[in-house]
Amino acid sequence: MRNPGPFGAITAALILSAFACVHPVAQAQSTQAPTVFSGTVSDAAPLFSSTVSLTAKDTAAPGPRNIRSTPLLSRDVPINLALSEETTFAKDFPMRRTPEKIAPTDDADTPKDNYLWLENNDADETLAWVREHNAITAHEFEASHVFETLRTALLDNADALEKWPNISRHGDFDYNFCQTRAHTRGIWRRTQHSDFINDNPAWETILDLDALAAHEKENWTWGGAIMGPAGTDRALVQLSRGGADASVVREFDLKTKTFIPAENGGFVLPEALTRVSWRTVDALFVATDFGPDSLNQNGTSRVLKEWKRGTPLSDAQKIFEGEKSRGGVYVRQEGGGIFIINLAGETTSTGSVCILRDGIPKALAIPPGSQFACFKKQIILRLPMDWTTWSVKQNRLITYPKNSVIAGSMDAFLAGKCEFTELLRADANTPLPGCFFTRNHCIISLLDDISRRYHAFRFGEDDGLWTAVAVDAPVSSGRVDAIAEDAGATDDILVAMQDYLVPPKHMRVTVGKPGCEIIKQMPALFDATGMEAHRHEAISRDGTRIPYFLVTPKNFRADGSTPAILEGYGAYGHFKLPEYLPDLGKCWLERGGAHVYACVRGGGEFGVAWREGGHGKNRQNTFDDFAAVAQDLIERKITSPEHLGIRGISSGGLLMAVSFTQHPELFRAAACESPLLDMRRYVTMTKGSGTANIPEYGDPGRQQSWDILKKFSPYQNVKPAAEAKYPRVLFTTSSNDNRVHPGHARKMAALMEALGHDILFFEETDGGHGNTGNIIRRIYHDALVYTFFSKELGLDSRN
């Protein structure tokens, strides 16, 4: 697990990044389209979280400003993939199962759960039920004339993307983890940084995960690599079994391309929810399962230790111990400081940050919920509320406004004598999702009306003054991402720009100088001729304007006949910008379908108020927003209920299920992937991560929270077919998912089936939450989903 970067402390995304329903940055249904810098190596761009849950209330009215029905330069598509050609179950590496005791939830407020047995992952009757339903689903869709066409297109896209990878720089090399049909589990590889911009860079394989899994007879899934200190040839490789969140950590020699065993002095950590980082090449900071009383309620460690090479883990020196809570502890190093982040408390906005000085943690007295970074021994804060502090220089109290970014000397701050400079002030509806550094500049990104902007600031070490500097990063209505090319050496940044219909373009920009150099352009992976991207708005039940992105196919006519897939998420402050998604383009848009993404409340598109507007007691707003977008699409005759499908994963799966149970008249088909559905038992079903998600959804064990949850919890609100006609639903899940228990999808499918509804169910045994382990199996899964929508929404008849 990568340590979050600057400004990422004490936010919902960080607390939940390892085990929450949200899989950070992209919704886990789709692999992000390639950017020049987004890799698996830990020294990639430090970005602070897009999710900010704060204690202070936002008084400004949430929502977008000046939203128009505007053509975009942009486009969108999911890169997903899935299962082997021979079987729907992994026979080569059988699942490791742990016998479970299922405790019923007995109270007068909850009907008897007749499908509690489907929560038991290792029961023969559960496995038989899964096999039977998998066979029915596979038989129906594999018989379709479009299934093999779609599967082949997805395989071709996967192989094509091998040439346009996500990369991350370490030393003179760019590293990448790549999955193709020839390397289904993936290979970790590298190329010279100077060679990457060429059309066919010379890649060197560092680790073949397929070969490792076969040799060790383990179902290994890639968990990432944490690169050693600058100038070293070491890395910590994280591997999970079957895609589970828990992973083993093994030291890797980049020069010899081999693991270093413990008996030879290598750092090796057993399977656990571990947070680890380098202190030096011979010492690690480790937060893991150290035995009794070392874990929080969510299964992560509350104890941080320093582990020196050549000594047993049991001798590691304790540095910090947090309270038993739903958070955890980890270390972040930047700007010459070593920071201990303690994510603790009942809410996502509480916790503490310490700086390690002379081996002793010293607390930073910053407002709860602050985002922070450190650059050239300057502390940089993004304030969640008005903050009043004493100015020695001016001999008076000074109040820095909420949402401002301020900077001051770390040493002076620790001594209680800090003079701050206000770098930037954002309004309540403008999130600050990222921050990174070049040699001389701090660069802060803003999300302004769902469009990313970058601002650069230079710190004068001689005069101690901050100065705003121009950064000529391109502006787009699509997705623009930036990172320092070599933070310690230059002021160059790499920028990737993409949108729904235009593939990523990679550029080099020098901070303080005009212009940019195009260094690489990804070729089109689907034919976007005649397609258009727009931004519209719908009006929700309470009058709030809800923006949504729309991509229409070639020869589109607004007559209600176009098959359309509507997606959304609306949780954890997550937001999604228009990006190039080749699989959606090839499997849906090219064939005449439309794509829609709804920016509903609960997400992070417009700051804290927007996020809180769909959170807790306001959760129904999220569902109302999504229904409003569906109604708007129908009123505009972009599509019609007969041709409208919905798709979502994890919390998005919850959104889909609530939508079709509350508004069955709006939809023809729904895909609920890795969904959260039984809100009465979501904490009990998934030990650890269930507890970690309480700040997002509420505690169903508390009557006040359950009174809110029971009104929309899909599993408790399904009606018999005689009372409600639901759209056809495809439920998908993974046996190894320990973020959202597969029992959610199983139980909902069984209940709906018993009540007379038309459902389909498919469960993969590989890949964990989001099914990311084996690319062939992911492709199979996505071919099923697109075949499902093609059939149900009428796209088959057009092809």
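What comes next is a walk through the structure. (Residues numbered from 1 in each chain as written. Predicted model: local features only at pLDDT ≥ 70, side-chain atom pairs only at ≥ 80, totals over all residues. Heavy atoms only, no water.)

Notes on the pairing of strand β28 (residues 466-469)
Argument step 1. As judged from the four bridges shared by strand β27 (residues 452-459) and β28, these two strands associate in the antiparallel manner. Looking at the pairing, A456 lines up with V469 of β28.
Argument step 2. Hairpin connection of β27 to β28: six residues between the antiparallel strands, including G464 at a positive phi of 70 degrees. (Pairing = 2+ DSSP bridges. Helix = DSSP H or I, 4+ residues; strand = E, 2+ residues; numbered from the N terminus.)

A word on the sheet that holds strand β3 (residues 173-180)
Argument step 1. In space, the four strands of this open sheet follow the order β2-β3-β4-β5, with antiparallel pairing throughout. Of all the strands in the sheet, the pair left with one neighbour each is β2 (168-170) and β5 (204-208). The average undirected angle you get between the axes of adjacent strands in this sheet is 30 degrees.
Argument step 2. As paired strands, β3 and strand β4 (residues 183-192) are joined by seven bridges and run antiparallel to one another. What sits directly across from Y175, in β4, is R190.
Argument step 3. Strands β3, β4 and β5 of the sheet are contacted by helix α5 (residues 209-216), whose axis makes an angle of about 130 degrees with β4. (Axes fitted to C-alpha atoms, helices over the stretch in contact; angles between N-to-C directions. Contact = heavy atoms within 4.5 Å.)

As for the packing of helix α2 (residues 124-142) against helix α15 (residues 743-754)
Argument step 1. Between α2 and α15, the shortest axis-to-axis distance is 12 Å and the interhelical angle comes to 70 degrees. The orientation of α2 with respect to α15, classified from their angle, is roughly perpendicular. Seen along the crossing, α2 lies across α15 with a hand that is left-handed. Only R746, A749, A750 and E753 of α15 make contact with α2, whose side of the interface consists of T126, W129, V130 and H133.
Argument step 2. Classifying every residue of the contact of α2 with α15 gives four nonpolar, two polar and two charged. (Parallel < 35°, antiparallel > 145°, perpendicular 65-115°, else oblique. Left-handed = near helix turned anticlockwise from the far one by under 90°. Nonpolar A, V, L, I, M, F, W, Y, C, P; charged D, E, K, R; others polar.)

Looking at the environment of G369
Argument step 1. Mapped onto the secondary structure, G369 falls in the loop between β18 (360-363) and β19 (371-375).
Argument step 2. Looking at G369, the relative accessible area reads 2%, which means it is buried.
Argument step 3. Separated by 15 residues in sequence, G369 and P384 have C-alpha atoms that sit 6.1 Å apart. (Buried < 20%, exposed > 50% of the residue type's maximum accessible area, 1.4 Å probe, protein only.)

Thoughts on the sheet that holds β19
Argument step 1. The strand order β19-β20-β23-β24 describes an open sheet built from four strands, whose pairing is antiparallel. Two strands in the sheet have a free side with no partner beyond their single neighbour: β19 and β24 (421-425). Each strand axis lies, on average, 20 degrees off the axis of its neighbour in the sheet, ignoring direction.
Argument step 2. Relative to β24, strand β23 (residues 404-409) is paired through four bridges, and the arrangement is antiparallel. Considered in β24, the bridge of I406 is made with E422.

Examining the pattern of salt bridges
Between side chains of opposite charge, a pair can form when the charged atoms approach closely.
Argument step 1. In the structure shown here, the tally under the stated rule is 52 salt bridges.
Argument step 2. Among the ionic pairs, E140 bridges to K791, the shortest N-O distance being 2.7 Å. Placement of E140 in helix α2 and of K791 in helix α16 (residues 775-793) is noted, with a sequence separation of 651 residues between them.
Argument step 3. Residues joined by salt bridges that share partners form a network here, namely D233, R234, E251, D253, K255, D282 and R309. (Salt bridge = Lys/Arg side-chain N within 4 Å of Asp/Glu carboxyl O.)

The quantities given are spatial measurements derived from coordinates; they are silent on function.
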